[in-house]
Amino acid sequence: MPLDRKPAPNDLRAFWMPYTANRQFKSAPRMLVASKDMHYTSSDDRQILDGTAGLWCCNAGHCRPRITEAVQKQVAELDYAPAFQMGHPLAFEVANRIVDIAPDGMEHVFFCNSGSEAVDTALKIALAYHRARGDASRTRLIGRERGYHGTGFGGISVGGIVNNRRHFGTLLAGVDHMPHTHLPENVFTKGQPEHGANLADELERIVALHGAETIAAVIVEPMAGSTGVLMPPKGYLQRLRDITRKHGILLIFDEVITGFGRLGSPFAAQHFDVIPDMITCAKGLTNGVIPMGAVLATAQIHDAFMQGPEHMIELFHGYTYSGNPISCAAALATLDTYAEEGLLIRAAQLETYWQDALHSLRDHPNVIDIRNMGLIGAVELAPIAGEPGKRGFDAFVRAFEAGILIRVTGDIIALSPPLIISTAQIDELIGTLGDVLKQTA
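Residues numbered from 1 in each chain as written. Predicted model: local features only at pLDDT ≥ 70, side-chain atom pairs only at ≥ 80, totals over all residues. Heavy atoms only, no water.

Student: Would you explain empty space enclosed by the protein in this entry?
Tutor: Leftover empty space is mapped by rolling, across the atoms, a probe with the size of a water molecule. Applying the stated criterion to the full structure yields two cavities of 30 Å³ or more. Within this model, the largest cavity holds a volume of roughly 100 Å³. Thr181, His182, Leu183, Asn186, Val187, Thr189, Pro193, Leu230, Met231, Asp369 and Arg371 together form the lining of the largest cavity. By residue class, the composition of the lining of the largest cavity is five nonpolar, four polar and two charged. Computed from the structure, the second largest cavity encloses a volume of approximately 60 Å³. Classifying every residue of the lining of the second largest cavity by side-chain character gives five nonpolar, two polar and four charged. (1 Å grid on protein atoms, 1.4 Å probe; cavity = no way out; pocket = protein on both sides within 12 Å on 5 of 7 lines; lining within 4 Å. Points joined across faces, edges and corners; volume = space filled by probe spheres on them. Nonpolar A, V, L, I, M, F, W, Y, C, P; charged D, E, K, R; others polar.)

Student: Is there a simple way to think about the confidence of the model for the chain in this case?
Tutor: Caution applies to low-pLDDT parts of the model: their predicted coordinates are not meant to be read in detail. Looking at the chain as a whole, its pLDDT mean stands at 93, while 93% of the residues score no less than 70. Long-range and interchain partners of residues 1–27, a stretch whose pLDDT sits below 50, account for 22 contacts in this model, where long-range means more than four residues apart. (pLDDT = per-residue confidence, 0-100. Contact = heavy atoms within 4.5 Å.)

Student: Help me out: how do you make sense of the nonpolar core in this one?
Tutor: Nonpolar side chains in soluble globular proteins tend to end up buried together. Of all hydrophobic cores here, the largest spans 93 residues; its most connected members are Met178, Leu296, Val379, Ile406, Ile413, Ile430 and Leu433. Dropping the residues within four chain positions of it, Val379 is found in contact with Leu358, Leu361, Val367, Asp369, Ile370, Asp411, Ile412, Ile413, Leu433 and Leu437. Core analysis: the next-biggest nonpolar cluster, separate from the first, contains 22 residues, Cys112, Leu141, Ile219 and Ile252 among them. (Core = buried A, V, L, I, M, F, W, Y, C linked by side-chain atoms within 4.5 Å. Buried < 20%, exposed > 50% of the residue type's maximum accessible area, 1.4 Å probe, protein only.)

Student: Is there a simple way to explain the sheet that holds strand E9 (residues 278–281) in this structure?
Tutor: The strands that make up a sheet pair up through hydrogen bonds in the backbone, lying either parallel or antiparallel. If you trace the seven strands from one edge of the open sheet to the other, you get E4-E10-E9-E8-E7-E5-E6, paired in mixed fashion. Of all strands in the sheet, those with a lone pairing partner are strand E4 (106–112) and strand E6 (175–178), marking the two edges. Strand-to-strand twist across the sheet, computed as the mean angle between neighbouring axes with direction ignored, equals 20 degrees. In the sheet, strand E5 (residues 140–144) pairs with strand E7 (residues 215–220) via three bridges, with the strands oriented parallel. Among the inter-strand pairings, Arg140 is bridged to a residue of E7, identified as Ile215. Seen against the sheet, helix H3 (residues 89–101) touches E4 and strand E10 (293–298) and runs at an angle of roughly 135 degrees to E4. Its contacts with the sheet place helix H6 (residues 202–210) against E5, E6 and E7, and it is angled at close to 155 degrees to E6. (Pairing = 2+ DSSP bridges. Helix = DSSP H or I, 4+ residues; strand = E, 2+ residues; numbered from the N terminus. Axes fitted to C-alpha atoms, helices over the stretch in contact; angles between N-to-C directions.)

Student: What exactly am I supposed to notice about the pairing of E9 here?
Tutor: Regular strands place their side chains on alternate faces of the sheet. Residues of E9 alternate between two faces, with Met278 and Thr280 on one and Ile279 and Cys281 on the opposite face, all of them buried. For strand E8 (residues 250–254) and E9, the ladder comprises three bridges, and the chain directions are parallel. When the bridges of E9 are listed, Phe253 appears paired with Ile279. Of the strand pairs in this sheet, E9 and E10 are connected by four bridges, and their pairing is antiparallel. Residue Ile279 lies in a different strand from E10, and its bridge partner there is Leu296.

Below, the structure is given as structure tokens:
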């Protein structure tokens, strides 16, 4: 499609997957053409209240001046610098700023370009760490059912969402999965569920099956987001930490969604007071403006690699765009915005109001569960017999038409608005969603 021609309503050939050539659409696509603060502007010039922070990433809202200006300035000053055997000051500044707000003990940062890359990076670091310590038999990786860790081969291998895995063959060998924690006795929970901490003990069964000496790392989302917003049961994460430490297994928290204020603390590790060996992050690091991801690691992990001569490469891993100057400028401006506006703790301040509003939907048609924590929540709908996901998609379409953006995973509606949302906008978001649910068959 020529760049100077606007797409017709059913012509999306210029757009990347899933909009492929010759695909037919039954209705006009939902197109976004502008954004500001809490709202998108649609192609038909309507204001759409953002109930999902874009895709869990625009924590400070949209088109924030400080971030925009920082990117514009950096483009004209230093557009690119190689990250291999060289560096630039902004990357070190961003790393220091992240460490300043990170959990105690997270002292080193490895930059990449996305959450998927952060996960694959953390998994590779885990394998290389054990090898560097003379423990090369530790090659097995443990994930969790319903876990989501991006779309790289490592991430979908340790992930546990079937549709993300089924089309891509056998994936990585030597991967096992713990059970998920979504239990029927925890329906309509506010905050952490009471039941399910014992499910962490399934890791002991896996250790007994394979041998601790073969297991390199366990990776979990402290709060599972993309699968439908699943909160960890009380005591569950601490139990995982205890078991992994007991057996010399690294624990990785995937905080691509929970990082940068979503639960009311800079990172979920602080919120739950459980410190892993590595943390992956992305999304909110640059407020979604420019791709950037990172892996946070302890000094113990970092120092295991720093044993050779100065002229040798410590870790044979990295990306062309790791620590890109423009991404770093966006990250610094984002962190400044979070600090100036108190956004990393604002979810904790709004949590009660958000919780009450969200649970007011409990008696609406087809609602079978509601769960929440910080400034995130899920409304689970009963599926239509034989047509899973149809009711959720119908709600998504109706919501967009009514002026709000929600996220659906099957029949689960996920909400994670920008951290700048006001109480009046919470009322608008939940009130409109309530009207949508009443209309959804």
